[in-house]
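The residues making up each chain are set out below.
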Amino acid sequence: MSQPIVVEYDPSWPDEFKALAAVLRPAVEGLAREIHHVGSTSIPGMPGKPVIDIDIELLPGVPIEEATAALAPLGYVFNGDQGIKDRYAYKRVSAAVPFCEHRQEWPYHHLYACPHYSEELARHLVFRDRLRESAELREAYIAIKQEALRRACGVRQVYVDEKQRLASEFVRQVVSGR
């Protein structure tokens, strides 16, 4: 049986993020300004893919190579910018990543490092914050996700592509404040 593409909001997502951030924070100490919970799992009440999205905001002047070296002992492998300027992705080598003494397996998550000036980081934060503040925007975004899900007919990549296509103008408007 396959995993559902989108699930109802899970109130444990913020705690899962906090646990992950608690392990990441010491590894990037002196390199990161902040570790941010972004994406649908960071918006109370928002259905989403059961994937916690994490953006590490690097301090000014910190090269991505230093962040990569700091994350490697935890089991993260650099995966490039994936076509998005100033947003660098990391893969996990196993479900036990990030490696630490007290945890054997972590929830599925995406980890990114972004320079403090990254437009993608700013977009993530503004979008998250505006949806947290507005029930009307949350409902509009939920409707977009439901339409993408309907069109996907159970195929995850079709959902991702359709949501991107259907939401691009909405996201642009939310981020620009229109």
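Rules of the game
- Residues numbered from 1 in each chain as written.
- Predicted model: local features only at pLDDT ≥ 70, side-chain atom pairs only at ≥ 80, totals over all residues.
- Heavy atoms only, no water.
- Helix = DSSP H or I, 4+ residues; strand = E, 2+ residues; numbered from the N terminus.
- Buried < 20%, exposed > 50% of the residue type's maximum accessible area, 1.4 Å probe, protein only.
- Pairing = 2+ DSSP bridges.
- Polar contact = N/O pair within 3.5 Å; in protein donor to acceptor, adjacent residues only side chain to side chain.
- Contact = heavy atoms within 4.5 Å.
- Axes fitted to C-alpha atoms, helices over the stretch in contact; angles between N-to-C directions.
- Expected span 1.5 Å × (residues − 1).

**Things to note about the overall build of the protein chain**
Reasoning step 1: Within the protein chain, the regular secondary structure consists of five helices and five strands.
Reasoning step 2: When the helices and strands of the protein chain are read in sequence order from the N terminus, they spell out α-β-β-α-β-β-β-α-α-α.
Reasoning step 3: The dimensions of the protein chain, computed from C-alpha atoms along their principal axes, are 40 × 40 × 30 Å.
Reasoning step 4: Looking at the protein chain as a whole, 43% of its 178 residues are labelled buried.

**Topic: the pairing of strand E1 (residues 32-38)**
Reasoning step 1: A large share of E1 lies buried, amounting to five of its seven residues.
Reasoning step 2: Two strands pair when backbone bridges link them, and E1 and strand E2 (residues 52-58) are joined in this way by six bridges, in the antiparallel orientation. Bridging from a neighbouring strand, Ala32 pairs with Leu58 of E2.

**Structural notes on the side chain of Arg87**
Reasoning step 1: Mapping Arg87 onto the fold places it in the loop between strand E3 (76-78) and strand E4 (88-92).
Reasoning step 2: A distance of 3.3 Å separates polar atoms of two side chains, one belonging to Arg87 and the other to Gln82.
Reasoning step 3: In this view, Arg87 contacts Gly80, Asp81, Gln82, Tyr112, Ala113, Cys114, Glu120 and His124; residues no more than four positions away in its chain are not counted.

**What about the sheet that holds E4?**
Reasoning step 1: Spatially, the five strands line up as an open sheet ordered E1-E2-E5-E4-E3, and their pairing is mixed. Unpaired on one side and paired on the other, E1 and E3 mark the two borders of the sheet. The sheet shows a mean angle of 30° between the axes of neighbouring strands, direction not considered.
Reasoning step 2: Sheet analysis places E4 next to strand E5 (residues 109-115), joined by three bridges and oriented antiparallel. Its bridge partner lying in E5, Ala89 is registered against Tyr112.
Reasoning step 3: Helix-sheet contacts for helix H2 (residues 64-71) involve E2, E3, E4 and E5, and the interaxial angle to E4 is about 15°.
Reasoning step 4: Strands in contact with helix H3 (residues 119-133) are E1, E2 and E5; relative to E1, the strand with the most contacts, it is inclined by about 50°.

**Quick word on helix H1 (residues 13-27)**
Reasoning step 1: An ideal rise of 1.5 Å per residue puts 21 Å on 15 residues; H1 measures up with 22 Å between its terminal C-alpha atoms.
Reasoning step 2: Buried within H1 are the following residues: Trp13, Phe17, Leu20, Ala21, Val23 and Leu24.
Reasoning step 3: Packed against the buried residues of H1 are E1, E2, H2, E3 and E5.

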